[in-house]
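Each chain, letter by letter, is given below.
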Amino acid sequence: MARKLITVLTDDLDGGAADRTVEFSLDGVAYAIDLSDQNAGALRKALDVYITAGRRMGRGGIDSDRSARRSTRPATSGSSSRAHTRAIREWAAENGYQVSERGRIPTSVVEAYNNR
């Protein structure tokens with residue numbers, strides 16, 4: 001007997017259909033929220049001023065400015081890098097870049113994302 005499991009995401013803000021799960025952290029606490037594309041965009045827009053003014057922190061709380069000088073690519077292991085890669089892909093799609101759903105993201109797109 002075959003079994004098919006279907007997961008339906010519901011937007012945690014408005015109860016409508018959600019398109020994705022967005023992961024973020026604040027004050028050392030990680031959060032995940034299911035959102036529609038519109039609400040995910042609103043969250044990113046609201047946080048953008050803080051993300052732009054802040055600096056990305058690496059593993060273990062080490063300031064990643066040092067690692068950013070060594071490489072333009074994020075770390076490739078762990079769920080936080082998957083969330084970061086997902087965020088880059090979403091941003092790229094919203095800003096007219098063509099990026100496949102799998103595989104490496106071109107360095108030029110990662111740099112554009114980091115410089116946004």
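Residues numbered from 1 in each chain as written. Predicted model: local features only at pLDDT ≥ 70, side-chain atom pairs only at ≥ 80, totals over all residues. Heavy atoms only, no water.

A few points about the overall build of the protein chain
The line we're drawing: Numbering goes from the N terminus for both helices and strands, where a helix is a DSSP run of H or I of at least four residues and a strand is a run of E of at least two. Accessibility here uses a 1.4 Å probe with only protein chains present; expressed as a share of the type maximum, an area under 20% marks a residue as buried, one over 50% as exposed, and anything in between as partly exposed. Two residues form a contact once any of their heavy atoms are found within 4.5 Å.
When helices and strands are counted, the protein chain shows 4 helices and 2 strands. Each helix (α) and strand (β) of the protein chain, taken in turn from the N terminus, gives the series β-β-α-α-α-α. Counting the 116 residues in the protein chain, one finds 22% classified as buried. Sequence separation of at least 24 residues holds for 27% of the intrachain contacts in the protein chain that already meet a minimum separation of 6.

Description of the UniProt feature "domain: Lsr2 DNA-binding" (unreviewed entry) in the protein chain
Our working rule: UniProt positions are given in the numbering used here, feature names are shortened, and annotations may be inferred rather than shown by experiment.
Mapped onto this numbering, the UniProt entry annotates "domain: Lsr2 DNA-binding" (unreviewed entry) at residues 81-114. Helix and strand shares over residues 81-114 are 65% and 0% respectively, and the end C-alpha atoms of the span are 14 Å apart.

Thoughts on helix H4 (residues 107-114)
Note the threshold: Throughout, the arc means the angular range of directions from the helix axis out to the C-beta atoms.
Within H4, burial applies to Val109, Val110, Ala112 and Tyr113. Down the axis, H4 shows its buried residues gathered within 160 degrees of arc, on one side only.

Observations regarding the confidence of the model for the protein chain
Condition: A residue's pLDDT is the predictor's confidence in that residue, given on a scale from 0 to 100.
Summary statistics for the protein chain give a mean pLDDT of 82 and a share of 80% for residues scoring 70 or more. The weakest mean pLDDT in the protein chain belongs to helix H2 (residues 65-70) at 42; the strongest belongs to strand E2 (residues 29-35) at 93. Predicted confidence for residues 60-77 stays below pLDDT 50, and this span has 20 contacts to residues more than four positions away or in other chains.

Here we look at the nonpolar core
Threshold: Remark: nonpolar core denotes a set of buried residues (Ala, Val, Leu, Ile, Met, Phe, Trp, Tyr, Cys) joined through side-chain atoms within 4.5 Å.
Listed in full, the 9 residues of the largest apolar core are Ala87, Ile88, Trp91, Ala92, Ile105, Val109, Val110, Ala112 and Tyr113. If you list the elements that add at least two residues to this core, you get helix H3 (79-94) and H4. In this structure, tyrosine 113 is in contact with His84, Ala87, Ile88 and Trp91, ignoring residues within four places of it in sequence.

Examining the packing of aromatic side chains
Going by this rule: Aromatic pairs are defined between Phe, Tyr and Trp rings, using the six-membered ring for Trp, whenever the two ring centres lie within 6.5 Å; interplanar angles under 30 degrees are classed as stacked, those over 60 as edge-to-face, and all others as tilted. By the criterion adopted, a ring carries a charge over it if an Arg CZ or a Lys NZ lies within 6 Å of its centre and within 35 degrees of its normal.
Applying the stated criterion across every chain yields a total of 3 aromatic pairs. Judged by centre distance (5.3 Å) and plane angle (20 degrees), the rings of phenylalanine 24 and tyrosine 31 are stacked. Take phenylalanine 24: its relative accessible area is 29%, and that puts it in the partly exposed class. Residue classification places tyrosine 31 among the partly exposed residues on the basis of a relative accessible area of 40%. These aromatic residues form a ring-pair network of at least three members: Trp91, Tyr97 and Tyr113. Its guanidinium or amino end placed over the ring of tyrosine 113, arginine 116 lies 3.9 Å from that ring's centre, counting from NZ or CZ.

A short note on the side chain of asparagine 39
Here is the rule we go by: By the criterion applied in these results, polar contacts are pairs of N or O atoms within 3.5 Å in which, for protein atoms, one can donate a hydrogen and the other can accept it, and in which residues neighboring in sequence qualify only through two side-chain atoms.
Positionally, asparagine 39 belongs in helix H1 (residues 37-53). Side-chain polar atoms of asparagine 39 contact the side chain of aspartate 14, separated by 3.2 Å. Leave out the neighbours within four places in its chain, and asparagine 39 touches Asp11, Leu13 and Asp14.

A closer look at the pattern of salt bridges
We count it as follows: The term salt bridge refers to a pairing of a side-chain nitrogen on Lys or Arg with a carboxyl oxygen on Asp or Glu at a separation within 4 Å.
Counted according to the given criterion, the structure contains 4 salt bridges. Between arginine 20 and glutamate 90 there is a salt bridge; the shortest N-O distance is 2.4 Å. Remark: glutamate 90 occurs in helix H3 and arginine 20 occurs in strand E1 (residues 20-26); sequence separation between them is 70 residues. The exposure class assigned to glutamate 90 is buried, which follows from its relative accessible area of 8%. Ionic pairing is found between arginine 116 and aspartate 48, a salt bridge with its closest N-O pair at 3.8 Å. Note that arginine 116 is positioned in the segment after H4 and aspartate 48 in helix H1, a separation of 68 residues in sequence. The partly exposed category is assigned to arginine 116, whose relative accessible area is 32%. Residue aspartate 48 is classed as partly exposed on the basis of its relative accessible area, which comes to 29%. Among the charged side chains, a network of salt bridges with common partners joins Arg20, Asp37, Arg44 and Glu90.

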